[in-house]
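# Structural description and commentary
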Amino acid sequence: MHVQLNPLGSMDLLSQLEVDKLKQNTEKATFQLFRNCCLAVLNAGSHTDSSAEIYEQFQNFSVNLLSRERGIKIELFNPPEDAFVDGKIIKGIHEHLFAVLRDILFYHSRLQNQKSWLDLSNSSHVTHAVFDIMRNARVIDGTNEPNLIVCWGGHSISDTEYKYTKEVGYQLGLRGLDICTGCGPGAMKGPMKGATIGHNKQRIYNGRYLGITEPSIIAAEPPNPIVNQLVILPDIEKRLEAFVRTAHGIIIFPGGAGTAEEILYLLGIMLHPDNALQQLPIILTGPKQSESYFNSLVYFIEQTLGAEALALIEVIIDDPIAVARKLKQANKQVRDYRLQVGDAYHFNWTLKIEDDFQQPFLPTHANVARLDLHLNQSKAKLAANLRRAFSAVVAGNVKEEGIKAIREQGPFVISGDAKLMQLMDTLLQEFVVQGRMKLPGSTYTPCYRVVK
């Protein structure tokens, strides 16, 4: 199959100079990344979390860019047939392909032009880069009242948990709240699916289903069909910052190592003294059968980050209506706080995020072994290091480069205080037993070894 696609979305208005520079400045490695992300988008609905499996299956897939007077076209060779209906590409996939072009190639070209003044080792410059990517994607709307609820949770959850996430999304939709997730399956898809029904019942036809991802994970978690706004951030740290700065409330559903990474990132930030007055409701919720999961997570947080961290979260079990009501009511507090401090409704500029949570962590065996995993350090510092440890587990589970490293060098060795390692080992083992490390039906081989 050979297909040429006209531009859609924010890439439909490029000048000839921009098109020419885009084609000229594309490095080989960046273009390969673009090709892989396009394949992931075309493979939406896949029932695998192995990027290597996807790349192996479609080795003969390739992509090209064509310069035209009206902009730039994407040319596809041998794309997955499931992305087409009667020979025509599904419109949502068509839009997402141009989102990939915008965030991987166009922004890469834009970044090259900003190198003279943009310093990504500077905290405020990192935040600018996150804002610039979101603004360039046209997902930031300064006219909207605060109503965006970020939903975190695993791609590997039970049917009961999935139905619960959908019911919570439905209740949020009935109350006019929009949804943002990591854009994949499971707990990332359920809230969006439920919200579409709630929005339609309320005759809300401009509901937002924002998916935020990053290149190394998109193949394992392709955008689900509900996502109508897709943004690809350069790395996990910028992705997480995009979540918390655009959120007006955060829900955490059951998940695995990735969800633990997200909550440790969030709590580490919120524990900073400068964020003591911030209004950002954080709710952990799931059906009755997930209660033990949340008990384990809460115990881990209490034993590592203490009572101060526990005070930042609320656990609501088996009550979607209570969750939605709580967030709807809290939206007024978020609005009033932003108004009081002069912050934007659409992007939380006043949230203090330290370098430890902004600078990319490369999960190599050497970097994982060097992690400072000891209880005798500040809570924010401990949260940052624990976040990196869980990030390594995610990389070893689903990211192509992490899987390759594990295959060649064996499991990551995570070591530190005996008590802390016991806590971490227990939590990870519970994730394994509950089937939260891989998709249901697949066998899990640990990519880590905890050493006390």
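The structure contained in this document is the topic of the report that follows. (Residues numbered from 1 in each chain as written. Predicted model: local features only at pLDDT ≥ 70, side-chain atom pairs only at ≥ 80, totals over all residues. Heavy atoms only, no water.)

Our focus in this paragraph is the packing of aromatic side chains. Geometrically, a pair of aromatic rings is defined through the distance of the ring centres and the angle of the planes. Under the definition given, this model contains nine aromatic pairs. For the ring pair Y293 and F294, a centre distance of 5.0 Å and an interplane angle of 75° mean the geometry is edge-to-face. Comparing Y293 with F294, the two get one shared label, buried. With a centroid separation of 6.0 Å and an interplanar angle of 90°, the aromatic rings of F300 and F390 are classed as edge-to-face. Within this pair, whereas F300 is found in helix α11 (residues 291-305), its partner F390 is found in helix α15 (residues 379-398), the two being separated by 90 residues in sequence. Assessed through its relative accessible area of 3%, F300 is described here as buried. (Phe/Tyr/Trp six-rings, centres within 6.5 Å; stacked < 30°, edge-to-face > 60°. Buried < 20%, exposed > 50% of the residue type's maximum accessible area, 1.4 Å probe, protein only. Helix = DSSP H or I, 4+ residues; strand = E, 2+ residues; numbered from the N terminus.)

A few words on the nonpolar core. Ranked by size, the top nonpolar core spans 81 residues in total, and within it M134 and F390 carry the most contacts. Contact partners of F390, with chain neighbours within four places excluded, come to A257, A260, E261, L264, F300, M424, L427, L428 and F431. Residues L39, L177, L230 and I283 belong to the second largest nonpolar core, which totals 57 residues. (Core = buried A, V, L, I, M, F, W, Y, C linked by side-chain atoms within 4.5 Å. Contact = heavy atoms within 4.5 Å.)

Take the packing of helix α4 (residues 91-114) against helix α5 (residues 123-136) next. In contact at an axis separation of 11 Å, α4 and α5 are set at 135° when each is read in the N-to-C sense. When the axes of α4 and α5 are compared, the pair comes out oblique. Considering only the axes of α4 and α5, their crossing is right-handed. Of the residues in α5, those touching α4 at R102, D103, F106, Y107, R110 and Q114 are H128, A129, D132, I133, R135 and N136. Here the contact of α4 with α5 is built from residues that sort into four nonpolar, three polar and five charged. (Axes fitted to C-alpha atoms, helices over the stretch in contact; angles between N-to-C directions. Parallel < 35°, antiparallel > 145°, perpendicular 65-115°, else oblique. Left-handed = near helix turned anticlockwise from the far one by under 90°. Nonpolar A, V, L, I, M, F, W, Y, C, P; charged D, E, K, R; others polar.)

To continue, consider the side chain of N348. In this fold, N348 is placed in the loop between α13 (320-341) and α14 (365-369). In terms of polar contacts, N348 uses its side chain to reach the side chain of Q278, at 3.0 Å. Those residues in contact with N348 that sit more than four places away from it in its chain are R245, Q278, R338 and D343. (Polar contact = N/O pair within 3.5 Å; in protein donor to acceptor, adjacent residues only side chain to side chain.)

Further remarks concern the pattern of salt bridges. Under the definition given, this model contains 15 salt bridges. Between E145 and R335 there is a salt bridge whose closest N-O contact spans 2.6 Å. Placement of the pair is E145 in the loop between α5 and β6 (148-152) and R335 in helix α13, with a sequence separation of 190 residues. Look at E145 and you get partly exposed, because its relative accessible area is 44%. Classification of R335 as partly exposed rests on a relative accessible area of 27%. A salt bridge links D356 to R388; the nearest nitrogen and oxygen atoms lie 3.5 Å apart. With a gap of 32 residues between them, D356 in the loop between α13 and α14 and R388 in helix α15 connect regions that are remote in the sequence. (Salt bridge = Lys/Arg side-chain N within 4 Å of Asp/Glu carboxyl O.)

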